[in-house]
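Understanding the architecture of this molecule
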Amino acid sequence: MRVLGIETSCDETAVAIYDSKAGLLADTLYSQVELHAQYGGVVPELASRDHVRKILPLITQVMAKADTSQSDLGGIAYTSGPGLVGALMVGASVGRALAFAWSVPAIGVHHMEGHLLAPMLEDKPPAFPFVALLVSGGHTQLVMVSAIGQYQLLGESLDDAAGEAFDKTAKMLGLDYPGGPNVARVAERGDISRFDFPRPMVNRPGLDFSFSGLKTFTLNTAAAHRDENGQLSDQLQADIAAAFQEAVADTLAIKCRRALRQTGVKNLVIAGGVSANQRLRVVLEAMVNKEGAELFYARAQFCTDNGAMIAYAGCQRLLAGQQQDLAINVRPRWPMDELLPLAN
Ligand code: KG4
Ligand code: ZN
C-alpha cells in the first residue's frame, strides 16, 4: 500500500510518500523557522496561514518526486493531533478532502506515535517490545511500547519538555530560535567541567521528569556572569550551554536506565526533535552498552517533524483496516494511551 503523509502540527509543512513494499519513496519539508525567528517562537496564526500557502505545492512536488499519481495511492494520512489547532486543521482538511476526492481512505495520525515509529524507517529497525524516550518541543515521556498502538506511559515531565528547556536556555544565552540545535552547536566549544548543573529528580523514585529547576539554575548562572553591559562572553555562553546539555543528557540517561531495569526490556528507542542531539546519543549509547541493551533512533531529519513518520504510521493503521469517517477532526491535546491497538 502506498500512502501520502501530511504533517502540519506546528511550524513545518512536511509531506512524504511511503510504500509498504518499496519503503520511503519521497519526502519534502518546508520549515517556517525564518517566519517565526523574528518573534522568538512560533506564532500560531502565522503558522496556519503559511501551511495553507505551502501544502498543495509540496504535495504536487512529492507526488512527482515519487513518480506517483492519485491512482497509485492506497490512502492518505495526516497528523490530527496533538499540536496547534489551526495548523492541524490545515493538514487535516487537505488530507481528508483529497482522500474523498480521490476515493481512498484517510487516517488521522497521532503526532507522537509518528515520532515513536520514525526509527522503523531505518535499515535496522527496533523490535518490539521497546522502551521509548519521546523528547520533543512539547513532550518528554517514557513509554513502554509492546506493539504499534499499545502504549503504556511510564513517566513524563511535570513541567517543561526537554526541547522547551533547550529553547528557553537558548533565549537566556542570546541564541536564536529554534534553540535546541543552536545550544548544541555552541556547547561543542564549551568546557563541561566548568559548571556543575543539577540533575533534577534523579534521587526521587519513579520515572517522571522536571526541567524547570534546571532552567532557573541556568538563568541564575548566566545572570551571575554577565558583564556590566549584560553581555556574556563567547566562552561563558559555550560553557553554560555545555553544562546545561550535559545535565539534560545525564538526567534523561538515568531515567532511561531505570525504565529499562524496571521493565526488563533491552531495546531503547529515542525519538522527537531532541533525539537529534549528538551529545544525548553519546551519553545514552554509553548507558545502554553498560546495561547490555541497544539504542535505536532515526536519522536526524526524521527526529524532528517530518512527513515520512506520518506516512509510515498511517500506512500501518490503514493496512490494519482502520480509517477516518468523513468528518475533519483534530485533537490539540490527545493522550497517547487512548490510541487503538492495530489488531481490532
Ligand atoms: O519533534 P520536534 O521537531 O517538534 C515537536 O514535536 O515539538 O521537536 C522540536 C524540539 C525543539 O524544542 C528543538 O529545539 C529541539 O526539538 N531540538 C533539539 C535539537 N534539534 C531539535 N534539541 C537539542 N539538540 C538538537 N540537536
Ligand atoms: Zn514533533
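Within every chain, residues take consecutive numbers counted from 1 along the sequence as written. Written order determines the labels here, with chains lettered from A and ligands numbered from 1. Selection of residues for local features in this predicted model requires a pLDDT of at least 70, selection of side-chain atom pairs for listing and counting requires 80 or more, and totals for whole chains, interfaces and linings are taken over all residues. Only hydrogens and water are removed before side-chain values are computed, so all heavy atoms of the structure are retained for them.

Attention shifts here to the nonpolar core. Across soluble globular proteins, nonpolar side chains have a tendency to be buried as a group. Residues enter a nonpolar core if they are buried and are Ala, Val, Leu, Ile, Met, Phe, Trp, Tyr or Cys, with the set joined through side-chain atoms within 4.5 Å. Remark: exposure states derive from per-residue accessible area (1.4 Å probe, protein chains only) relative to the maximum for the residue type, with buried under 20%, exposed over 50%, and partly exposed in between. Membership of the largest hydrophobic core comes to 49 residues, with the highest contact counts inside it found for Val-131, Leu-133, Leu-142, Leu-268 and Leu-284. By the criteria applied, helices consist of DSSP H or I runs no shorter than four residues and strands consist of E runs no shorter than two, each listed in order from the N terminus. Elements that contribute at least two residues to this core include exactly strand 6 (130–135), strand 7 (140–147), helix 5 (162–172), helix 6 (179–187), helix 7 (212–224), helix 8 (234–263), strand 9 (267–271) and helix 9 (278–291). It is helix 8 that contributes the most residues to this core, 15 residues altogether. It only takes one pair of heavy atoms within 4.5 Å for two residues to be counted as in contact. With sequence-adjacent residues up to four places away left out, Leu-133 is seen in contact with Gln-141, Leu-142, Phe-209, Leu-252, Cys-256, Val-269, Ile-270, Ala-271 and Leu-284. Within the second largest apolar cluster, 36 residues are counted, among which are Val-3, Leu-117, Ile-310 and Ala-313.

Quick look at the sheet that holds strand 6 now. Think of a sheet as strands paired side by side through backbone hydrogen bonds, with each pair either parallel or antiparallel. Pairs of strands are assigned from DSSP output, requiring at least two bridges between the strands. Spatial strand order, 8-7-6-9-10: five strands in an open sheet with mixed pairing. Edge positions in the sheet fall to strand 8 (150–156) and strand 10 (294–297), since each of these pairs with one other strand and no more. Ignoring strand direction, the axes of neighbouring strands in this sheet form an average angle of 25°. Here four bridges tie strand 9 to strand 10, and the two strands are oriented parallel to one another. Directly across from Val-269, in strand 10, lies its bridge partner Phe-296. In this description, a line fitted to the C-alpha atoms serves as the axis of each element, helices being fitted only across the stretch in contact, and the angle between N-to-C directions of two axes falls anywhere from 0 to 180 degrees.

This part takes up the pairing of strand 4 (residues 75–81). Along any regular strand, the residues point their side chains to alternate faces of the sheet. Of all seven residues in strand 4, seven are buried; the element is thus mostly enclosed. One ladder, built from four bridges, connects strand 1 (residues 2–7) with strand 4; its direction is parallel. Bridge pairing in strand 4 links Val-3 to Gly-75. Both strand 4 and strand 5 (residues 106–110) contribute to a ladder of five bridges, which runs parallel. In the strand pairing of strand 5, Thr-79 is matched with Val-109. In this fold, the crossover linking strand 4 to strand 5 by way of helix 3 (residues 85–101) has right-handed handedness. A clockwise course of the path from the first strand over the helix to the second, judged with the strands pointing away from the viewer, identifies a crossover as right-handed.

With that settled, consider the site of ligand 1. Any residue with a non-hydrogen atom lying within 4 Å of a molecule or strand is treated as near it. Near ligand 1 you find 18 residues, and of these Gly-137, Asp-167, Gly-180, Gly-273 and Asn-277 are the closest. Within the side chain of His-111, a nitrogen or oxygen atom sits 3.1 Å from an oxygen atom of ligand 1. Any pair of N or O atoms that falls within 3.5 Å is considered a polar contact. Within protein, one atom must be able to donate a hydrogen and the other to accept it, and sequence-neighbouring residues count only if both atoms are side-chain atoms. In this structure, Gly-137 approaches ligand 1 through a main-chain N or O atom, which is 2.8 Å from an oxygen atom. Values of accessible area rely on a 1.4 Å probe in the Shrake-Rupley scheme; residue burial ignores everything except the protein chains shown. For ligand 1, the accessible surface in isolation is 550 Å², of which the surrounding protein chains cover 86%. When residues of the shell around ligand 1 are traced back to their parent elements, those giving at least two are helix 4 (111–117), helix 5 and helix 6. Examining the composition of the shell around ligand 1, we find that three residues originate from one element, helix 5, more than from any other. Polar here means any residue outside two lists: the nonpolar Ala, Val, Leu, Ile, Met, Phe, Trp, Tyr, Cys and Pro, and the charged Asp, Glu, Lys and Arg; Gly therefore counts as polar. In terms of residue class, the shell around ligand 1 is built from five nonpolar, 11 polar and two charged.

A few words now on the packing of helix 5 against helix 8. At a closest axis distance of 11 Å, the pairing of helix 5 and helix 8 adopts a crossing angle of 170°. Between helix 5 and helix 8, the angle falls in the class roughly antiparallel. Note on element contacts: helix 8 touches helix 5 through Phe-244, Gln-245 and Val-248, opposite Ala-165, Phe-166 and Thr-169. Along the lines of polarity and charge, the residues of the contact of helix 5 with helix 8 split into four nonpolar, two polar and no charged. If an angle is under 35 degrees, it is roughly parallel; if it is over 145, roughly antiparallel; if it lies from 65 to 115, roughly perpendicular; otherwise it is oblique.

In this section: the confidence of the model for the protein chain. Of all residues in the protein chain, 100% attain a pLDDT of 70 or more, and the chain-wide mean is 97. On a scale of 0 to 100, pLDDT captures the predictor's confidence in every residue. Strand 1 holds the highest mean pLDDT among the elements of the protein chain, 99, whereas helix 1 (residues 33–37) holds the lowest, 94.

Now for the side chain of Ser-275. Note that Ser-275 resides in the loop between strand 9 and helix 9. In this structure Ser-275 comes out as buried when scored by relative accessible area, which is 0%. Contacts of Ser-275, omitting those with residues within four sequence positions, involve Val-135, Ile-270, Leu-280, Arg-281 and Cys-303.

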